[in-house]
Every structure is written in structure tokens, then in C-alpha cells.
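# An overview of the molecular structure
Each chain is listed here by its residues.
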Amino acid sequence: MAVRIERLHWTDISIGEIALPKKTMKLTLGLGSGLSRRTNDPPGRVFAITDRGPNIFASTAVDDYGLTALEPYRATETKFMPMPALGPEIVELQIDDGAVRLVRRLPLRTSTGHRLTGLPLLTAELDGENIRALDDGPLQNDAATIQLGADAEAIAAMPDGCFFIAEEYGPSLLKIDASGAATARWVPPALQDMPHHPDLPVLGLLPPKLATRRPNRGLEALCASADGAWLYLGMQSALRDEDRNTAPIWKLDASTGALAGAWRYP
């Protein structure tokens, strides 16, 4: 199969600046977590999903930005989030004439407008990842945003105009309508009774085995069949009781979450 590699022009989208001791931190929208398109989309049209928001290692915070108080965290590879309340969003893009053009942004939110955040869920297994706020404080959800956190990793654009987002905190699949509103969070049954925001129902529809993922190594890839009947889900690493030289790929019923097929990728 012939392959063509072409450099495309793109201008980063600024999401803010933070004045720090050594230099100003300039933050831009990160679109690299996942891409998807539908068979009936216009040529060159794609949908990107951002991640949970900007985060940097302690070494970068100290060396590049002069945050010397964070030096003790260098050895533990602790990460710091400059804007933890800034959650994932879907970005519609058009690719043509050697360039990528922004069509629209859909910040993920609930049906009543509460923004999804990059904050860890209360159920997140944070022993697998050291992460704190940039001021060295703990990351905490307040009453208004509790259980609206998402570490988005992949997106599937569905034929009916809706989306599924794979996120790693739960781990869960977020069902998103065409306007960017999250209508449900699918989790394995063991997590269906976890604390949740009243605007975002939690449904225990995913295979129970997903609850045995290793910390911070959950859902990483996602796509849908052309007719929207099936979801194909890839994990970052093996589950706890599986061969660590493989990673699971699952086929799920897109309407029920039921497991329809499973493979182990070397």
C-alpha cells in the first residue's frame, strides 16, 4: 500500500499564559490524544480529542520555569497540572490545501453546562501516578465538579453524530451527544456505585474484567465500525492477571457495552 507523508500547516490555539519565576508558561490546546472520522464526513474532516489538560514533570517545572520549591519531587517523577479545571474537548478540524483548519471546539460538559475537568476521579488509582497542582497543593474536586474528571485518551465519531470518549481515570467510556454534552459514563460493574455528579449518570455496562487494569494503564485507543454497531477498544497495557507482553483489544456492542470479541496484541 502506498503511503504519503505530508507536512501540514497548523497554528496552535492559545489557552492561556502563567507568569512564573524563570519565564512565562504559554499553554496551547493539545489535540494529540485521538482522531476519528465518519464514513459520511466531508473529505478531510476529522474530530480530535484533547487530553485532561496541560501537565508537566517536576524536572521541567524546576529547570524550565524556576519553580525550585518543587525540586524534592524530581526523583518521584511527579507531574503538575497548571490548569486542572480545564477539561477535555472535541475539536472539529478540516484538512485541505496542505493545512489544518479549526472548524469548531466542543468543550465537554454536562447537559446543564457543568464543564468536565482534568481532575482525577475519587476512584482513580493515583498510587500509579504522582500528580499535584502547580502550586504544590493536592488536586481536589470541589462540590460543583465532583466526579466530572476525565483523562481523555481516544475518540470514536459515531454515524448518528454522537461520540464515545475513552478516558483513563475511571476507567470509563463517556457517551457524548452531538453538541458536546456528556450523557452517560460507562464503567465496569464494580464502579457503578461510585460517587457521581447528578448530571452524569454512571452505568456499569463495561466488561467486569476492566476493573483489573493496572493503575494509570487503562483505556488508550478507541474506534467504531462504519455502521456504529461496534466499538473497538485498546488498552495501554495488560490487565493485572494477564501476560504483560500483550495488551488487550476488545470488541464491544456499542449499544450495551457487552463484550463481543477479545484479542491480545503483542
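Now for a quick tour of the structure. Computed from a predicted structure; not experimentally measured.

### Things to note about the overall build of the chain
The helix and strand tally for the chain stands at one helix and 18 strands. Taking 2.2 N^0.38 as the reference for a compact globule, 266 residues should give roughly 18 Å; the C-alpha atoms of the chain span a radius of gyration of 19 Å, in line with that estimate. The C-alpha extent of the chain, read off along each of the three principal axes, is 55 × 50 × 40 Å. Relative to its full complement of 266 residues, the chain shows a buried share of 48%. Of the contacts made within the chain by residues no fewer than 6 positions apart, 53% connect residues no fewer than 24 positions apart. Surface summary for the chain: the accessible area is close to 12,900 Å², and the carbon and sulfur share equals 53%.

### Considerations on a nonpolar patch on the surface
A surface patch of nonpolar side chains, amounting to about 500 Å² of accessible area, comprises Met-1, Val-3 and Ile-5. Relative to the elements of secondary structure, Val-3 occurs in the segment before β1 (14-19). Take Val-3: its relative accessible area is 67%, and that puts it in the exposed class.

### Overview of the layout of surface pockets
Put simply, the largest pocket is a space of about 200 Å³. For the largest pocket, the lining is made up of 19 residues, of which Ile-15, Thr-28, Gly-30, Gly-53 and Pro-54 are closest to its centre. Its residues placed into classes, the lining of the largest pocket shows nine nonpolar, six polar and four charged.

### Some details on the pairing of strand β2 (residues 24-28)
Consecutive side chains of a regular strand alternate in pointing toward one face of the sheet and then the other. Where burial is concerned, the two faces of β2 differ: the one with Met-25 and Leu-27 is buried and the one with Thr-24, Lys-26 and Thr-28 is not. Alignment of β1 against β2, held across five bridges, turns out to be antiparallel. Its bridge partner being in β2, Ser-14 is matched across the sheet by Thr-28. Counted along the chain from β1 to the antiparallel partner β2, the turn is four residues long.

### Let's talk about the sheet that holds strand β9 (residues 131-133)
In space, the three strands of this open sheet follow the order β5-β6-β9, with mixed pairing throughout. Looking at the sheet topology across the chains shown, the edges are occupied by β5 (56-57) and β9. In this structure, β5 lies alongside strand β6 (residues 79-81), joined through two bridges in antiparallel fashion. Among the inter-strand pairings, Phe-57 is bridged to a residue of β6, identified as Lys-79.

### Focus: the pattern of salt bridges
In total, this model carries 13 salt bridges according to the counting rule given. As a salt-bridge pair, Arg-45 and Glu-92 come within 2.7 Å of each other at their nearest N and O atoms. Of this pair, Arg-45 sits in strand β4 (residues 45-49) while Glu-92 sits in strand β7 (residues 89-96), and the two are 47 residues apart along the sequence. Overall, the relative accessible area of 17% leaves Arg-45 in the buried class. Residue Glu-92 is classed as buried on the basis of its relative accessible area of 8%. Glu-92 is paired through a salt bridge with Arg-104; the nearest N and O atoms lie 2.4 Å apart. Here Glu-92, found in strand β7, pairs with Arg-104, found in strand β8 (residues 99-107); they are twelve residues apart in sequence, far enough to count as distant. On the basis of relative accessibility, which here comes to 35%, the residue Arg-104 falls in the partly exposed class. Through salt bridges that share partners, Arg-45, Glu-92 and Arg-104 make up one connected network.

### Here's the deal with the side chain of Thr-246
When you line up the elements, Thr-246 lands in the loop between β16 (230-235) and β17 (247-253). A polar atom in the side chain of Thr-246 sits 2.9 Å from the backbone oxygen of Asp-243.

Rules of the game
- Numbering of residues begins from 1 in every chain and follows the order in which that chain's sequence is written.
- Residues qualify for local features only when their pLDDT is at least 70, as the model is predicted, and side-chain atom pairs are given and counted only at 80 or more; totals for whole chains, interfaces and linings, by contrast, use all residues.
- Heavy atoms from the whole structure form the basis of all side-chain values; hydrogens and water molecules are not counted.
- Runs of E in the DSSP output that reach at least two residues are strands. Runs of H or I that reach at least four are helices, and both are numbered from the N terminus.
- Note on method: radius of gyration uses C-alpha positions; expected globular size equals 2.2 Å times residues raised to 0.38.
- Each residue is placed in one exposure class: buried if its accessible area under a 1.4 Å probe, protein chains only, is under 20% of its type's maximum, exposed if it is over 50%, and partly exposed if it falls in between.
- Contact between two residues is taken to exist if any of their heavy atoms lie within 4.5 Å; hydrogens are not considered.
- Surface accessibility in these figures is a Shrake-Rupley result with a 1.4 Å probe; residues are shielded only by whichever protein chains are displayed.
- Patches were defined on residues exceeding 30% relative accessible area and lacking a salt bridge, with like-charge contacts within 9 Å and nonpolar side-chain contacts (Val, Leu, Ile, Met, Phe, Trp, Tyr) within 5 Å.
- Only one rule defines a salt bridge in this text: a Lys or Arg side-chain nitrogen within 4 Å of an Asp or Glu carboxyl oxygen.
- Every definition here rests on a 1 Å grid over the protein atoms only: cavities are sets of points where a 1.4 Å probe fits but cannot get out, pockets are open sets enclosed by protein on both sides within 12 Å along at least five of seven lines, and lining residues have some atom within 4 Å of a point.
- Grid points are joined across faces, edges and corners, and a volume is the space filled by probe spheres set on the points.
- Basically, the charged four are Asp, Glu, Lys and Arg, the nonpolar ten are Ala, Val, Leu, Ile, Met, Phe, Trp, Tyr, Cys and Pro, and anything else, Gly included, counts as polar.
- Note on pairing: two strands pair once DSSP finds at least 2 bridges between them.
- Any N or O atom pair separated by 3.5 Å or less is treated as a polar contact, with the protein-specific requirement of one donor-capable and one acceptor-capable atom, and with residues adjacent in sequence counted only for side-chain atom pairs.

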